[in-house]
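# Per-entry structural report
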There are 2 protein chains.
Amino acid sequence: MFQVKVLNQKVLEEVLEMPMVIEAIEQVYILKAEDKTTLFPMVFHEFNPGVADMDIKSGHLKGADIFGLKLVSWYGDNKDKGLPLLIGTTMIFDAKTGVPLAILNADHITGMRTGAAGAIGAKYLAKKDSKTMLMVGTGHIAQFEIAATLYAMPSIDKVIVHDPMSAETTHSYIKTIAQKLKDNFAITKQITFEAGTDLEAAVKSSHVIITATPSRQAMILKDWVQPGTHISCVGADMEGKQEIDEKLFKGNIVVVDDIHQAINVGETEKAYKTGIITENDIYSEMGDIILGRKPGRTSDDDITIFDTTGIALQDLMTSKIALELAKEKQLGITIDL
Amino acid sequence: MFQVKVLNQKVLEEVLEMPMVIEAIEQVYILKAEDKTTLFPMVFHEFNPGVADMDIKSGHLKGADIFGLKLVSWYGDNKDKGLPLLIGTTMIFDAKTGVPLAILNADHITGMRTGAAGAIGAKYLAKKDSKTMLMVGTGHIAQFEIAATLYAMPSIDKVIVHDPMSAETTHSYIKTIAQKLKDNFAITKQITFEAGTDLEAAVKSSHVIITATPSRQAMILKDWVQPGTHISCVGADMEGKQEIDEKLFKGNIVVVDDIHQAINVGETEKAYKTGIITENDIYSEMGDIILGRKPGRTSDDDITIFDTTGIALQDLMTSKIALELAKEKQLGITIDL
């Protein structure tokens, strides 16, 4: 029998802090660039198309001696049952022995690592003196994106929020976000929050844009995007999803988390499949930028795009640091499996 | 947060009894024949070829409202570290909501369901009055095969055991097996155990043969197998594994657990890939035999073969009944995930 740690949502909220997750996700990109990771093929099954599905994402972080998986199910009608639509569970294993190390609720980790990924795009590709951030989307993930970007880009002092479905939601969101950032992420810095109900105007006045919506068509048009802007595209993680004009991919600096995923299920998919760009037009994966193998932005006028589809390796690394912290702080329970 | 049951090895040994597992595995074959199951694609990764690997097998038992996965790792050098070579963990989920139901040590379940599968082959395909069983292989799985077959075929009163590597192991195995069957499976019936050091002679005098070895070449030759014999091939579950003469597949009744797995990684692989049989020569999957859609054995002279490669659905169903029993008996622990 093995001693396995169980970390639930509450423990994970207690131990994980955004700055360390940003660091962990940067480390994942570096290990990936150094060929010290393997992504295993994804398993995807639709129980009922458009109503319920599940996927199993797994991989090996050779550079961190763990492997593991995240199983996420989505049941569109769970709301009626008082249950979350998305439910995720992660397991990590010791890659030297195969011994199970921990079982974790995947929800909070997914939020943290997804926020960190969008922010890393801004940190390495946006102009250093960026002041204004635009958050497109007001779903569960938005506060993670805002929090992570505020940590990663200390120059930002204004956040415009835009809900693509409802001006009302935009207005109510900005009333509560400062308190959420304080309570959930210990962000106390004075930030101006603004309702960006006119998306075109919001795009034109922002230096950093993060999109995190379930959109299936471009919301941000090419002509709106000013020279010098950075966009982190977070929402597209399945075939057919799209948030920004595919024409933006032509001639601009496109960085991705994983080329294979980006062209198949990411924001890059549309531009790639319609022939606007080829695989060779993708500038780089993120790890090469962090390692300085490629320069990223070269002028204040470049438009940069980071397409982050989300990779299991991020969940595994974040799970690993959560496990170490929980052990230190003696949190979570230990089971004999 | 969700209340999830954790069932470790000890609890599973306490709640699972072989007759109910045989019934559960028959139910899996029936659901499969009725198109009430889906096997998801297997994920397989070699960390170090021939030294360490892992696989994730998953699927949906629509007919039993669960889905889930089993992750099994194999580390060939774990013995030196005092750890088991094979380590497995299973998770099952409610297929109506995606909510995690249980996390289980997979080891005992794998033994039970694998034993049950071999025995079901004998139950439905062997001659009803079979008296003598030959067990080829003395590894961990052998006692499960013997126990299950004794439950499924009450006519058997003699068990010949053959270890293909060592006559010494054969002799020591038959000294302890009666006690193991009593302690672990509550089998108290008087059985004659015999050391079958001469495999040809053992094959010729047996009505039911079960092979469960890691062999990569035929041990049992075509000419040795007498009319009326049934063989359940349990060992072959990976490309290149083989236990019986591929020529036995020509003209005899071949039943499999899953046609796709059988021709790719099962005992059937060699006969299929060398062109001795085509897919059409496979008589049936097991569920159709149990349901009576096909007659199985039609004469006392037929030679029958059951190729069981092992499918995740067996683990999921066995996990489900273990969960129900553990709840009833208030065993196992419950965690908030």
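Parameters at a glance
Residues numbered from 1 in each chain as written. Chains lettered and ligands numbered in written order. Predicted model: local features only at pLDDT ≥ 70, side-chain atom pairs only at ≥ 80, totals over all residues. Helix = DSSP H or I, 4+ residues; strand = E, 2+ residues; numbered from the N terminus. Rg over C-alpha atoms; globule rule 2.2 N^0.38 Å. Buried ≥ 20, exposed ≤ 12 C-beta atoms within 10 Å, placed from the backbone. Domains from an automatic or database assignment. Contact = placed C-beta atoms within 7 Å. Nonpolar A, V, L, I, M, F, W, Y, C, P; charged D, E, K, R; others polar. Core = buried A, V, L, I, M, F, W, Y, C linked by C-beta atoms within 7 Å. Least-squares fit on C-alpha atoms with pLDDT ≥ 70 in both. Pairing = 2+ DSSP bridges. Axes fitted to C-alpha atoms, helices over the stretch in contact; angles between N-to-C directions. Parallel < 35°, antiparallel > 145°, perpendicular 65-115°, else oblique. pLDDT = per-residue confidence, 0-100. Expected span 1.5 Å × (residues − 1). Right-handed = clockwise from strand over helix to strand, strands pointing away. Left-handed = near helix turned anticlockwise from the far one by under 90°.

On a plain count of helices and strands, chain A comes out with ten helices and 18 strands. Compactness check: chain A gives a C-alpha radius of gyration of 19 Å against a globular reference of 20 Å for 337 residues, within 12% of the reference. Once the C-alpha set of chain A is aligned to its principal axes, its extents read approximately 60 × 45 × 40 Å. Expressed as a percentage of the 337 residues in chain A, the buried residues total 53%.

Next up on the list: the domain arrangement of chain A. Residues and elements named next belong to chain A. Entries for chain A in the domain assignment read domain 1 (3-109 + 313-336) and domain 2 (118-311). The distance between the C-alpha centroids of domain 1 and domain 2 comes to 24 Å. Taken together, the contact between domain 1 and domain 2 spans twelve residues of the former and 16 residues of the latter. Looking at the side of domain 1 that touches domain 2, the element that brings in the most residues is helix α2 (residues 18-33), giving nine residues. Residues of the side of domain 1 that touches domain 2, tallied by class, amount to nine nonpolar, one polar and two charged.

A word on the nonpolar core. With 208 residues, the main nonpolar core has Ile22(A), Ala116(A), Ile22(B) and Ala116(B) as its most contacted residues. With near-sequence residues (within four places) excluded, Ala116(B) lies in contact with Met18(B), Val21(B), Ile22(B), Ile25(B) and Ala148(B).

All right, on to the relation of the copies chain B and chain A then. Mapping chain B onto chain A calls for a screw motion: a turn of 180 degrees about the axis and a shift of 0.0 Å along it, with 0.0 Å RMSD after fitting. Taken together, the rotation angle and the small translation identify this as a two-fold axis. Looking at the rotation axis and the C-alpha trace of chain B, the residue lying nearest is Val43(B), at 3.9 Å. Here 100% of the interface residues in chain B have copies in chain A that are interface residues too; the copies meet face to matching face.

It is worth spelling out the sheet that holds strand β15 (residues 253-256) of chain A at this point. Strand-to-strand pairing in sheets goes through backbone hydrogen bonds, with the strands running parallel or antiparallel. All names here are of chain A. Taking strand neighbours across the sheet as the criterion, the eight strands line up as β10-β9-β8-β11-β13-β17-β15-β16 in an open arrangement whose pairing is parallel. The outermost strands of the open sheet, each flanked by one partner alone, are β10 (192-195) and β16 (284-285). Pairing between β15 and strand β17 (residues 304-307): four bridges, direction parallel. Looking at β17, one finds that valine 255 is bridged to phenylalanine 306. The strands touched by helix α3 (residues 107-125) within the sheet are β11 (208-211), β13 (230-233), β15 and β17, with β13 carrying the most contacts at an inclination of about 155 degrees.

Residue and element names in this part refer to chain B. Taken in spatial order, the eight strands of this open sheet run β10-β9-β8-β11-β13-β17-β15-β16, and their pairing is parallel. In the strand order of this sheet, the two ends are held by β10 (192-195) and β16 (284-285), each with one partner. As judged from the four bridges shared by strand β13 (residues 230-233) and strand β17 (residues 304-307), these two strands associate in the parallel manner. From the neighbouring strand, serine 232 faces β17, where its bridge partner is phenylalanine 306. Against the sheet, helix α5 (residues 167-185) contacts β9 (158-162) and β10, and its axis sits at roughly 170 degrees relative to β10.

Next up on the list: the packing of helix α4 (residues 142-152) of chain B against α5(B). Residues and elements named next belong to chain B. Direction vectors running N to C along α4 and α5 enclose 75 degrees, while the axes themselves pass 10 Å from each other. Comparing their axes, α5 and α4 come out roughly perpendicular. Residues Gln143, Ile146 and Ala147 of α4 form the contact with α5, whose participating residues are Ile177, Lys180, Leu181, Asn184 and Phe185.

The next point concerns unusual backbone geometry. Despite not being glycine, Asp65(A) has its phi angle at roughly 55 degrees, a positive value. Assignment of secondary structure puts Asp65(A) in the loop between β4 (52-61) and β5 (66-75).

This brings us to the confidence of the model for chain A. With 100% of its residues at a pLDDT of 70 or more, chain A has an overall mean of 97. Scored as a complex, the prediction yields pTM 0.93 and ipTM 0.92.

Moving on to the interface of chain B and chain A. Every contact between the two is made by 37 residues of chain B and, on the other side, 37 residues of chain A. Counting only elements with at least two residues in the side of chain B that touches chain A, the list comes to β3 (43-48), β4 (52-61), β5 (66-75), β6 (86-94), β7 (100-105) and β18 (333-336) of chain B. No other element matches the five residues that β5(B) contributes to the side of chain B that touches chain A. Tallied by class, the residues present in the side of chain B that touches chain A amount to 23 nonpolar, twelve polar and two charged.

Before going further, it helps to spend a moment on α2(A). Residues and elements named next belong to chain A. In this model α2 runs 23 Å from its N-terminal to its C-terminal C-alpha over 16 residues, within 8% of the 22 Å that 1.5 Å per residue would give. When α2 is considered as a whole, its buried residues turn out to be Met18, Val21, Ile22, Ala24, Ile25, Glu26, Val28, Tyr29 and Lys32. Aspartate 35, located one to two residues past α2, shows a positive phi value of around 60 degrees.

Once that is clear, we can look at the pairing of β10(B). Walk down a regular strand and you will see the side chains alternate between the two sheet faces. All names here are of chain B. As judged from the four bridges shared by β9 and β10, these two strands associate in the parallel manner. Looking at the pairing, lysine 158 lines up with threonine 192 of β10. Note on the crossover from β9 through α5 to β10: the handedness is right-handed.

Moving on, we come to the packing of α3(A) against helix α4 (residues 142-152) of chain A. Residue and element names in this part refer to chain A. Direction vectors running N to C along α3 and α4 enclose 45 degrees, while the axes themselves pass 7 Å from each other. With respect to each other, α3 and α4 are oriented oblique. Of the two possible hands of crossing, α3 and α4 adopt the one that is right-handed. Between α3 and α4, the contacting residues are Gly111, Met112, Thr114, Gly115, Ala116, Gly118, Ala119, Ile120, Ala122 and Lys123 on the first element and Phe144, Glu145, Ala147, Ala148, Thr149, Tyr151 and Ala152 on the second. Among the residues making up the contact of α3 with α4, the classes are represented as ten nonpolar, five polar and two charged.

In this section: helix α10 (residues 312-328) of chain A. Residues and elements named next belong to chain A. The end-to-end C-alpha distance of α10, which contains 17 residues, comes to 25 Å, matching closely the 24 Å that a straight helix rising 1.5 Å per residue would cover. Buried within α10 are the following residues: Ala312, Leu313, Gln314, Asp315, Leu316, Met317, Thr318, Ser319, Lys320, Ala322 and Ala326. Immediately downstream of α10, the backbone of glutamine 330 shows phi near 50 degrees, a positive value.

Let's shift gears to the pairing of strand β7 (residues 100-105) of chain A. All names here are of chain A. Burial analysis of β7 places six of its six residues in the buried class, the great majority of the element. Where strand β1 (residues 3-7) meets β7, three bridges bridge the pair, whose relative direction is parallel. Bridged to leucine 7 within β7 is leucine 104. Where strand β6 (residues 86-94) lies against β7, five bridges are found, and the strand directions are antiparallel. Its bridge partner being in β7, methionine 91 is matched across the sheet by isoleucine 103.

Residues and elements named next belong to chain B. For methionine 42, the location among the structural elements is in the loop between β2 (37-39) and β3. When the 16 C-beta atoms within 10 Å are taken as the criterion, methionine 42 is described as partly exposed. The spacing of methionine 42 and alanine 312 is 270 residues in sequence and 9.4 Å in space, taken between C-alpha atoms. Beyond its immediate sequence surroundings of up to four residues, methionine 42 is in contact with Asp55, Ile56 and Lys57.

Right, let's talk about the environment of Phe2(B) for a bit. Residue and element names in this part refer to chain B. When you line up the elements, phenylalanine 2 lands in the segment before β1 (3-7). In sequence terms phenylalanine 2 and isoleucine 120 are 118 residues apart; their C-alpha atoms lie 36 Å from each other. With residues near it in sequence (within four places) discarded, phenylalanine 2 still touches Val99, Pro100 and Leu337.

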